[in-house]
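Working through the structure, step by step
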Amino acid sequence: QVQLVESGGGLVQAGESLRLSCVVSPNNFGFSIMGWYRQAPGKQRELVASITRGGVTNYVDAVKGRFAISREYARNTVYLQMNSLKPEDTAVYYCNGQAPWGSTYWGQGTQVTVSS
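Computed from a predicted structure; not experimentally measured. (Residues numbered from 1 in each chain as written. Predicted model: local features only at pLDDT ≥ 70, side-chain atom pairs only at ≥ 80, totals over all residues. Heavy atoms only, no water.)

Considering the sheet that holds strand S3 (residues 18–25)
Selection rule: Between any two strands, pairing holds if DSSP finds at least two bridges. A run of H or I in DSSP counts as a helix once it spans at least four residues, and a run of E counts as a strand once it spans at least two, with each numbered from the N terminus. With axes taken as lines fitted to C-alpha atoms, and helix axes fitted only over the stretch in contact, angles between N-to-C directions fall between 0 and 180 degrees.
Overall, antiparallel pairing links the four strands, which are arranged S1-S3-S8-S7 in an open sheet. A strand with exactly one partner marks an edge of an open sheet, and here the two such strands are strand S1 (3–7) and strand S7 (67–72). Averaged over all pairs of adjacent strands, the angle between strand axes in this sheet comes to 15°, irrespective of strand direction. In the sheet, S3 pairs with strand S8 (residues 77–82) via six bridges, with the strands oriented antiparallel. Within the sheet, the bridge partner assigned to Arg-19 lies in S8 and is Gln-81.

Some points on the pattern of salt bridges
The criterion, for reference: By definition here, a salt bridge exists when the distance from a side-chain nitrogen of Lys or Arg to a carboxyl oxygen of Asp or Glu is within 4 Å. Exposure is judged per residue with a 1.4 Å probe applied to protein chains only, and the accessible area is read against the type maximum: over 50% gives exposed, under 20% gives buried, and values in between give partly exposed.
Scanning the model with the defined rule gives five salt bridges in all. Notably, a salt bridge pairs Arg-38 with Glu-46, separated by 2.8 Å at the nearest N-O pair. When its relative accessible area of 33% is taken as the criterion, Glu-46 is described as partly exposed. The residue Arg-75 makes a salt bridge to Glu-72 at a minimum N-O spacing of 3.1 Å. A residue is classified by how much of its surface remains accessible, and Arg-75, at 57% relative accessible area, is exposed. Salt bridges linked by common partners bring Arg-38, Glu-46, Arg-66 and Asp-89 together as one network.

Focus on the nonpolar core
To be explicit about the condition: The nonpolar core is taken to be a set of buried Ala, Val, Leu, Ile, Met, Phe, Trp, Tyr and Cys residues, with the residues joined through side-chain atoms within 4.5 Å.
One finds Met-34, Trp-36, Leu-80, Met-82 and Tyr-93 to be the most contacted residues of the largest nonpolar core, which totals 28 residues. Elements represented by at least two residues in this core include exactly S3, strand S4 (33–39), strand S5 (46–52), S7, S8, strand S9 (91–98) and strand S11 (110–115). Ranked by the residues each element gives to this core, the list is headed by S3, at four residues.

Describing the packing of aromatic side chains
What counts here: Side-chain rings of Phe, Tyr and Trp, where Trp is taken by its six-membered ring, are said to pair if the distance between their centres is within 6.5 Å; with planes under 30 degrees apart they count as stacked, over 60 as edge-to-face, and otherwise as tilted. Distance and angle both matter: a charge sits over a ring if NZ of Lys or CZ of Arg is within 6 Å of the ring centre and within 35 degrees of the ring normal.
Scanning all chains against the criterion turns up two aromatic pairs. Judged by centre distance (4.8 Å) and plane angle (65°), the rings of Tyr-37 and Trp-106 are edge-to-face. One end of the pair, Tyr-37, is in strand S4; the other, Trp-106, is in strand S10 (residues 104–106), and 69 residues separate them in sequence. Given a relative accessible area of 38%, Trp-106 falls into the partly exposed group. For the cation-ring pair, Arg-45 lies above Tyr-94, with the distance from its terminal atom to the ring centre recorded as 3.7 Å. Just above the ring of Trp-106 sits the side chain of Arg-45; from NZ or CZ to the centre is 4.8 Å.

The following block contains the structure:
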């Protein structure tokens, strides 16, 4: 069975940084695309950033220039570096992976709260 486990969320003040991690099991499981989504209370879940196996990244406009997604294959981990955090970034962040055959998998989410 495939598992995605997020970590790294927390409470920070505006302007500070956080790095989220998503560890994938089994270690040799290969996703075509991995991404980070977020969902704020009362809002729909949205794609924040994604990365392909070839390293092509995509970001929602609201986080461009502030967030960076990366993948460390040796650790089977995808990261989301979040800089210059704003209160609007407050949400539960979810790791997502898409298998080559189309199946998708989700982590349990990690809370990010940014105070002003």
